[in-house]
Amino acid sequence: MRKLFYLLTFVGGLFLCSFSPAKETKEKQPVYKDAPFLEEYSVKFYAKSDTTHLLKVGCDRNGDIKILTSAGLFKPYDGQFLYAGTLEKDHSYRPMEKKKLTDMLVYKDQFVYLDDQAVLSNSWAGKLFSRHSQPDATQFEAGADFTFLVSNGKEIRLVKDSKVDWTGSFPGTKVLSIRFDSSRNLYWLLGANELCTFNPQNKELKPVFKAANLTCFDLTSDKKSLFIGTGNGYLKFDPTTLKQIGDIIQRVPATKIRALKEVNGQMWFGSTEGAFELRSDGKYNFYNGERWLPGNVVVDFAKGEGNTVLILTENGLTKLEYKNWTLADKAEYYEKQVRLRHIRNGFNSSYDGMEKGNLASGRLSDSDNDGLWTSMYLAGEVFRYAVTKSEDALQNCRESLDAMERLYSINGLKGFPSRSFERSGWMKHLSDPDRWKNAADPEWDWKATTSSDEAIGHIFVLGAMAELIGDPDLIKRSVHLIDIFMTHIVEHDMYLIDFDGKPTLWGKWNPVYVNAMPKNVGDRKINSSNIIAMLQTAYHFTHKEIFRQKAFDLMNNYGYYENLMQKMANIGKADAGADQLSKELSEDWNHSDDEMYFCGYWGLYRYAFNDTLKSNFKASIIDHWQIERPEKEGAWNIFTALTGTANFDLNEAAWWLKEYPMDMIEWVIINSNRKDIDKIEPNFRNQTTKEVLPPQERPIQRHNGNMFSLDCTHGNGTSESSAGDIWLLPYWMGRYLGVISGPNK
């Protein structure tokens, strides 16, 4: 049997080397038409004092925003996107500072106030000053023709033109909220255990519904239903039949509801864990954490200027604004984000050390993967240049290639790329100080221990640049780096050899290392897939036969073809009898491997030695993509499109690109408490829910993260990720591949 196996392997080797059938029939791929869409972003204003209680927010016809607090009126100051403002005392109209205001509303697009003497306004020439004779009044609601219902929580008065037309007592413990129904000429009054109506014509106050633990409510603009919040979900009520509609709704992001209001035709809910909006499909947009809100305990909502939504929390105010733009517009925004805050020595870097999101307090930082993140950003710029011929994109390519090139030259090791480099004297402040070495130039240090994910990133972008950039100098330099890097690996028996003459921890593609792992351990497949992609790329651009020979040697004589064609469904935990390293590497799914696979697929498919391999590699790529589909990962869907397949979940890719938040600061985000998600049992892939959450609702992650991660419990405003590798790469690759159109405005 052993002899037969080797014979079949040898015959298979001849097949791989020599046979090249007709090229595949090209499938017609779908194209996303880049039309404008709405995307929200948050402008935050923080309260300066913890002792001032924020009560209500409103906006008048002039766009003037006022916040009613326990210390009088406040207004937002100096906020813009990513640059938080503050809430300041409103001194704009001095006589108001002495008023003992207890409630505020917007009536006929003007501010109206309640104090211990009257219902009053500074609009209508100040003529509205209707005395209510209820010095402890705490709330009111406007009805028809400047009639107001005023209450101190127990006693209720109907007031117009300083005349009290009716006085009564609320049948429950306390009035929590009042709404006027213009279609029925009724006031609705909510208590903790009852809902009542008051008819200002016949002066009848009557209970119409009883339930426990009621907290807040609002009447829809079409007057067809009331939404009533409770301490454990919300319910809908029919104002015509006076009956509850269906069961209480508890499948919501947070069930302890304390504010509820329809704004711009959408119902908004405020909880102790954030705000959420009811969508037309019955699901919710959830806004949790300081990406969106100054605090998670929501107090009130109001309509702002235009389509803005105002969200008042115990800690401040959010102006949720909406931008109507295309993916191309969004790309332009992200380009500026990268260039302004994320370029360090030509590297695509993180921006760390911030104080609660204060961009002015941050600094550029190194990472273990400066080369990989820069490769992915640079690839995006290569695709951008290939599509647009933008001189800006070309200059970005030059600058980042300079950085990539210096990774090889700074360490004195032939063909060995450093992880990073930095000016000397800062080692103890850099990540992994023990991995840094002094360069020959005393002004600089470099980082050793380069890994396989760096390697595949380098070859991916250098190949893309050599093929697509069209600039002779950049092509020559890219091919040179491919050549010396792959020559280093081949000459060192498929190892990446560090400064100490030993292989780096992960720079190992030698069969002794790779095939020591069981076939179902992911590292055996990923290392085989990556090195064949790298050797194909090297041969494609250098035409050096050694790279082709080595690739076929590994595939035919050492099983690398079989390894890389292994079905993804077979990848799992090593058996009990496996070696310790295999067990450690297969404890769960490694999402960094996904990133390495897909970056490698560019060279694996595009530069395949023959059409047989190309066809089979396509099948392997699609097999991998199939298992990734639940993540709706924009980059992996777009990478899959490079095979020419018609099915690569284009709609999900566009959804991901549109939903990715403009604010890429790492904020604390908590989704694990949500009641509107279906959690699943622990599993090898660490998928936590049946359906992945939108990117704007979950933690900021690079492509090597688990898209099913629900929470981020650290940082909270200390770091900003770069859009260069995260967003711009899949977008511009999609544009280059022709599956995303240019802007259609």
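Look above for the structure.
Residues numbered from 1 in each chain as written. Predicted model: local features only at pLDDT ≥ 70, side-chain atom pairs only at ≥ 80, totals over all residues. Heavy atoms only, no water.

## Quick word on the overall build of the chain
And then number 1: A count of helical and extended segments in the chain gives 16 helices and 39 strands.
And then number 2: When the backbone C-alpha atoms are referred to their principal axes, the chain occupies close to 100 × 60 × 50 Å.
And then number 3: Evaluated residue by residue, the chain yields a buried proportion of 58% over its 745 residues.
And then number 4: The contacts in the chain between residues at least 6 apart in sequence include a share of 60% that link residues at least 24 apart.
And then number 5: Averaging the locations of the 90 positively and 98 negatively charged side chains of the chain gives two centres separated by 4 Å. (Helix = DSSP H or I, 4+ residues; strand = E, 2+ residues; numbered from the N terminus. Buried < 20%, exposed > 50% of the residue type's maximum accessible area, 1.4 Å probe, protein only. Contact = heavy atoms within 4.5 Å. Lys, Arg positive; Asp, Glu negative; His and termini not counted. Charge placed at Lys NZ, Arg CZ, Asp CG, Glu CD.)

## Regarding the packing of aromatic side chains
And then number 1: Summed over all chains, the structure comprises 46 aromatic pairs.
And then number 2: On the basis of an interplanar angle of 80° and a centroid distance of 6.2 Å, the ring pair of W188 and F237 is categorised as edge-to-face. Of this pair, W188 sits in strand 16 (residues 186-190) while F237 is found in strand 21 (residues 233-238), placing the two residues 49 residues apart along the sequence.
And then number 3: Aromatic side chains F541 and Y607 sit 5.1 Å apart centroid to centroid with 80° between the ring planes, which places their arrangement in the edge-to-face category. Of this pair, F541 sits in helix 8 (residues 522-542) while Y607 sits in the loop between helix 12 (591-606) and helix 13 (611-628), and the two are 66 residues apart along the sequence.
And then number 4: When its relative accessible area of 15% is taken as the criterion, F541 is described as buried.
And then number 5: An aromatic cluster is built from F383, F460, Y597, F598, Y601, W602, W636, F639 and Y736, whose rings are joined through pairwise contacts.
And then number 6: Over the ring of W655 we find K632; its NZ or CZ atom is 5.1 Å from the centre of that ring.
And then number 7: A cation over an aromatic ring shows up here: R685 above the ring of W589, its NZ or CZ 4.3 Å from the ring centre. (Phe/Tyr/Trp six-rings, centres within 6.5 Å; stacked < 30°, edge-to-face > 60°. Lys NZ or Arg CZ within 6 Å of the ring centre and 35° of its normal.)

## A short note on the packing of helix 4 (residues 391-409) against helix 6 (residues 472-491)
And then number 1: Where helix 4 contacts helix 6, the two axes come as close as 11 Å, and the packing angle between them is 25°. If you check the angle between helix 4 and helix 6, you find them roughly parallel. Between helix 4 and helix 6 the crossing geometry is left-handed. Touching L394, R398, L401, D402, E405 and Y408 of helix 4 are L474, R477, S478, L481, I484 and F485, all from helix 6.
And then number 2: By residue class, the composition of the contact of helix 4 with helix 6 is seven nonpolar, one polar and four charged. (Axes fitted to C-alpha atoms, helices over the stretch in contact; angles between N-to-C directions. Parallel < 35°, antiparallel > 145°, perpendicular 65-115°, else oblique. Left-handed = near helix turned anticlockwise from the far one by under 90°. Nonpolar A, V, L, I, M, F, W, Y, C, P; charged D, E, K, R; others polar.)

## Focus on the sheet that holds strand 23 (residues 257-263)
And then number 1: Within the open sheet, the four strands sit side by side as 23-24-25-26. Their pairing is antiparallel. Strands with a single pairing partner mark the edges of an open sheet, and in this sheet they are strand 23 and strand 26 (284-287). On average, each strand axis in the sheet is inclined to that of its neighbour by 20°, with strand direction left out of account.
And then number 2: In this structure, strand 25 (residues 274-278) lies alongside strand 26, joined through four bridges in antiparallel fashion. Residue pairing in the sheet places L278 in a bridge with Y284 of strand 26. (Pairing = 2+ DSSP bridges.)

## Description of unusual backbone geometry
With the exception of glycine, most residues fall at negative phi, and the peptide bonds are largely trans.
And then number 1: Phi is positive for L82, close to 75°, though the residue is something other than glycine.
And then number 2: When you line up the elements, L82 lands in the loop between strand 5 (72-77) and strand 6 (85-89).
And then number 3: Although it is not a glycine, N345 adopts a positive phi angle of roughly 55°.
And then number 4: Counting through the fold element by element, N345 comes out in the loop between strand 30 (343-344) and strand 31 (347-348).
And then number 5: On the basis of relative accessibility, which here comes to 31%, the residue N345 falls in the partly exposed class.

## Quick word on the pairing of strand 15 (residues 177-181)
And then number 1: Summarising burial for strand 15: five of the five residues are buried, a large majority.
And then number 2: Here strand 15 shows a buried face lined by S177, R179 and D181 and a second buried face lined by I178 and F180.
And then number 3: When strand 15 meets strand 16, the two strands line up antiparallel, connected through five bridges. Its bridge partner being in strand 16, F180 is matched across the sheet by Y187.
And then number 4: Adjacent in sequence and paired antiparallel, strand 15 and strand 16 are bridged by four residues, among which N185 carries a positive phi angle near 55°.

## So, the environment of Q536
And then number 1: Within the secondary structure, Q536 sits in helix 8.
And then number 2: Assessed through its relative accessible area of 0%, Q536 is described here as buried.
And then number 3: In this structure, the C-alpha to C-alpha distance between Q536 and G603, residues 67 residues apart in sequence, is 6.6 Å.
And then number 4: Among residues more than four places away in sequence, those in contact with Q536 are G603, L604, Y607, A608, F609, L613 and F617.
And then number 5: Here the side chain of Q536 touches L604 through a polar contact of 2.9 Å, landing on its backbone oxygen.
And then number 6: At a separation of 3.3 Å, a polar atom in the side chain of Q536 contacts the main-chain amide nitrogen of F609. (Polar contact = N/O pair within 3.5 Å; in protein donor to acceptor, adjacent residues only side chain to side chain.)

## Side note on the pattern of salt bridges
Should their charged atoms come close, side chains of opposite charge can pair.
And then number 1: What the rule picks out here adds up to 47 salt bridges.
And then number 2: The partner of R629 in a salt bridge is D649, and the shortest N-O contact between them spans 2.8 Å. Taken together, the residues R629 in the loop between helix 13 and helix 14 (634-641) and D649 in the loop between helix 14 and helix 15 (650-659) connect sequence positions 20 residues apart.
And then number 3: Among the residues examined, D649 registers a relative accessible area of 11% and is labelled buried.
And then number 4: The residue R702 makes a salt bridge to D725 at a minimum N-O spacing of 2.8 Å. With R702 in the loop between helix 15 and helix 16 (723-737) and D725 in helix 16, this residue pair connects regions lying 23 residues apart in the sequence. (Salt bridge = Lys/Arg side-chain N within 4 Å of Asp/Glu carboxyl O.)

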